[in-house]
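The chain contents come next:
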Amino acid sequence: MEQEDGSATPGAAAADAGRRSRGTGRRRRGGEARGRTPWTRGRILASLAVLVAGLQAFHSVVPNGVGNLGSLLETFLPWTGLAVPALLCLALLRRSATAAVAVVLPAAVWAALFGGLLLPAGRGAAYDLTALQHNVGDDNPDPAGTAQALARTGADLIALEELTPGVLPVYGAALAAGHPHRAVVGTVGLWSRYPLVDSGPVDIRPEGIGADWSRGLRSTVRAPHGDMAVYVAHLPSIRIRPRDGFGSGRRDESAAALGAAIAAEKLETVILLGDLNGTLDDRGLAPVTSRMTPAVAGAGFSWPAAFPLARIDHIMTRTATPVTTWTLPATGSDHLPIAARIKL
């Protein structure tokens, strides 16, 4: 509406100004939206991808000062790979090219660290003996079935942990035919096809634990390829509690004692079989892993048996080569048995 002099009325002028203002706002918002390209979106996701890659590659610099967070991360380090598909899905939902490209970094680091776990185990390689390791569980509801299953594996050496006096005769009877030689110390034992000599305890007790705690064994095996020292060990368990975090102090002390015993071993060839209550990446086991060659082909997660999350049962060697390792079917234990073929 216009006034008589041809000018717009105040109401019409205000409405026209409002339309122009809204149009300018729409153009400004449209310009901002057009300015946010797939390469400028998702910077937070990209930063998270870089952080995951950093934790994977440099896990050893994560301190243990508070709750042993470094060892906790290293125990479940392979599972950091689950962050890769999660971040990739979020990047696609966000339509962020930057985040999608950044996800390649943790994927590449994981492949470099753990890609070998996905490769075939290579069971066709030449070997000289088979060793088997199993924490049979002191609350195993079927020790007879477990013993029979182990006897059928055909392993040359069988190491067991959590043997209680009540079930020891059960395992002895089942394994005697194929493994006439045995040595038992405390709750750990070794059965062998070949003669055993010089068998005795290895003191791996942490400070403050009584003398009746005996979880270390060493024996000389008179194998066709020559004498070799075989160690069986069951390191203390770890606990995860809100108050003190990843409680591995006693386990670490025991690992240091075991590493010292292996370092002092006079026989050149050494085989270590045991439930070490830690993964190969866990720095707490460095006194042992730094002196031995672990059997690592295949994923081989051994605990818990119902849904294995970590490989804490190990077979390691010195001046011998583990050519492959694998897990066996579940028994009545909360651990899976593991086996390895070894070239001497």
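Rules used throughout
Residues numbered from 1 in each chain as written. Predicted model: local features only at pLDDT ≥ 70, side-chain atom pairs only at ≥ 80, totals over all residues. Heavy atoms only, no water. Helix = DSSP H or I, 4+ residues; strand = E, 2+ residues; numbered from the N terminus. Buried < 20%, exposed > 50% of the residue type's maximum accessible area, 1.4 Å probe, protein only. Contact = heavy atoms within 4.5 Å. Areas by Shrake-Rupley, 256 points an atom, 1.4 Å probe, with all protein chains shown as cover. Salt bridge = Lys/Arg side-chain N within 4 Å of Asp/Glu carboxyl O. Pairing = 2+ DSSP bridges. Axes fitted to C-alpha atoms, helices over the stretch in contact; angles between N-to-C directions. Arc of directions from axis to C-beta. Polar contact = N/O pair within 3.5 Å; in protein donor to acceptor, adjacent residues only side chain to side chain. Phe/Tyr/Trp six-rings, centres within 6.5 Å; stacked < 30°, edge-to-face > 60°. Core = buried A, V, L, I, M, F, W, Y, C linked by side-chain atoms within 4.5 Å.

Chemist: In this structure, what is going on with the overall build of the chain? I would like to understand it.
Modeler: Broken down by element type, the chain carries 10 helices and 14 strands. Of all 344 residues assigned to the chain, the portion counted as buried reaches 44%. Of the contacts made within the chain by residues no fewer than 6 positions apart, 66% connect residues no fewer than 24 positions apart. Of the roughly 16800 Å² of accessible surface on the chain, a fraction of 60% belongs to carbon and sulfur atoms.

Chemist: Could you clarify how one ought to interpret the pattern of salt bridges in this entry?
Modeler: Two side chains with opposite charge may pair up if their charged atoms get near one another. Considering all chains together, one arrives at eight salt bridges under this definition. With a shortest N-O distance of 3.1 Å, D156 and R193 are connected by a salt bridge. One end of the pair, D156, is in the loop between helix 7 (143–151) and strand 2 (157–161); the other, R193, is in the loop between strand 4 (188–192) and strand 5 (196–201), and 37 residues separate them in sequence. Given a relative accessible area of 34%, R193 falls into the partly exposed group.

Chemist: Would you take a moment to explain the environment of A257 for this structure?
Modeler: Tracing the chain through its elements places A257 in helix 9 (residues 249–263). A257 sits 30 residues away from P287 along the chain, and the two C-alpha atoms are 8.3 Å apart. A257 has contacts with D203 and I204, leaving out every residue within four places of it along the chain.

Chemist: Where do I start with the sheet that holds strand 5 in this structure?
Modeler: Strand pairing in a sheet relies on backbone hydrogen bonds, with the paired strands running either antiparallel or parallel. Spatially, six strands are ordered 5-6-7-10-12-11 in an open sheet, and the strand pairing comes out mixed. Either end of the sheet is taken by a strand with one partner, and the two such strands are strand 5 and strand 11 (293–294). Bridge count for strand 6 (residues 216–223) against strand 7 (residues 226–234) is eight bridges, and the pairing is antiparallel. Directly across from V221, in strand 7, lies its bridge partner M228. The sheet strands contacting helix 9 are strand 7, strand 10 (270–275) and strand 12 (313–318), and the helix crosses strand 7 at an angle near 175°.

Chemist: Which parts of the structure should I look at to understand helix 7?
Modeler: Residues spaced three or four apart along an α-helix point in a common direction, a consequence of the helix completing one turn every 3.6 residues. Burial in helix 7 covers these residues: P143, T146, A147 and L150. When helix 7 is viewed along its axis, its buried side chains cluster within an angular range of 100° and face the same direction. Considering only its buried residues, helix 7 is in contact with strand 1 (129–135), strand 2 and helix 8 (168–175).

Chemist: Teacher, can you tell me more about the sheet that holds strand 3 (residues 181–185) here?
Modeler: The strand order 3-4-2-1-14-13 describes an open sheet built from six strands, whose pairing is mixed. Where the open sheet ends on each side, the last strands, each with one partner, are strand 3 and strand 13 (321–327). Taken over all neighbouring pairs, the strand axes of this sheet differ in orientation by 15° on average, direction set aside. The pairing of strand 1 with strand 2 spans five bridges and is classified as parallel. Of the residues in strand 2, the one forming a bridge with Q133 is A159.

Chemist: When you look at the side chain of T146 in this model, what are you seeing that I'm missing?
Modeler: Mapped onto the fold, T146 is located in helix 7. Non-local contacts of T146, meaning those with residues more than four positions away in its chain, are made with H134, V136, N140, Y171, T331 and G332.

Chemist: I tried to follow the side chain of H59 on my own but got confused; where do I start?
Modeler: Considering the arrangement of structural elements, one finds H59 in the loop between helix 2 (43–57) and helix 3 (69–75). The class of H59 is buried, set by a relative accessible area of 15%. In terms of polar contacts, H59 uses its side chain to reach the side chain of E74, at 3.0 Å.

Chemist: Teacher, can you tell me more about the packing of aromatic side chains here?
Modeler: Evaluated as defined, the whole model comprises two aromatic pairs. When the ring of W79 is compared with that of F301, the centres are 5.8 Å apart and the planes differ by 35°; the resulting orientation is tilted. Placement of the pair is W79 in the loop between helix 3 and helix 4 (83–94) and F301 in the loop between strand 11 and strand 12, with a sequence separation of 222 residues. Each ring, one from W110 and one from F114, has its centre 5.9 Å from the other, and the planes form 50°; the classification is tilted.

Chemist: How do you make sense of the nonpolar core when you look at a structure like this?
Modeler: Across soluble globular proteins, nonpolar side chains show a tendency to be buried alongside one another. Counting residues in hydrophobic clusters, the biggest one holds 24 residues, and the most contacted among them are L157, L190, V221, I271, L273 and I315. Secondary structure elements with two or more residues in this core: strand 1, strand 2, strand 3, strand 4, strand 6, strand 7, strand 10 and strand 14 (338–343). By size, the runner-up hydrophobic cluster in this structure holds 18 residues, among which are A255, V270, L276 and V288.

Chemist: Where do I start with the pairing of strand 14 in this structure?
Modeler: Consecutive side chains along a regular strand alternate between the two faces of the sheet. For strand 14, the tally of buried residues reaches five of six residues, placing the bulk of the element in the interior. Across five bridges, the pairing between strand 1 and strand 14 is antiparallel. Following the sheet pairing, Q133 is matched in strand 14 by I338. Relative to strand 14, strand 13 runs antiparallel, the two sharing six bridges. Within strand 14, the residue paired with W326 across the bridge is A339.

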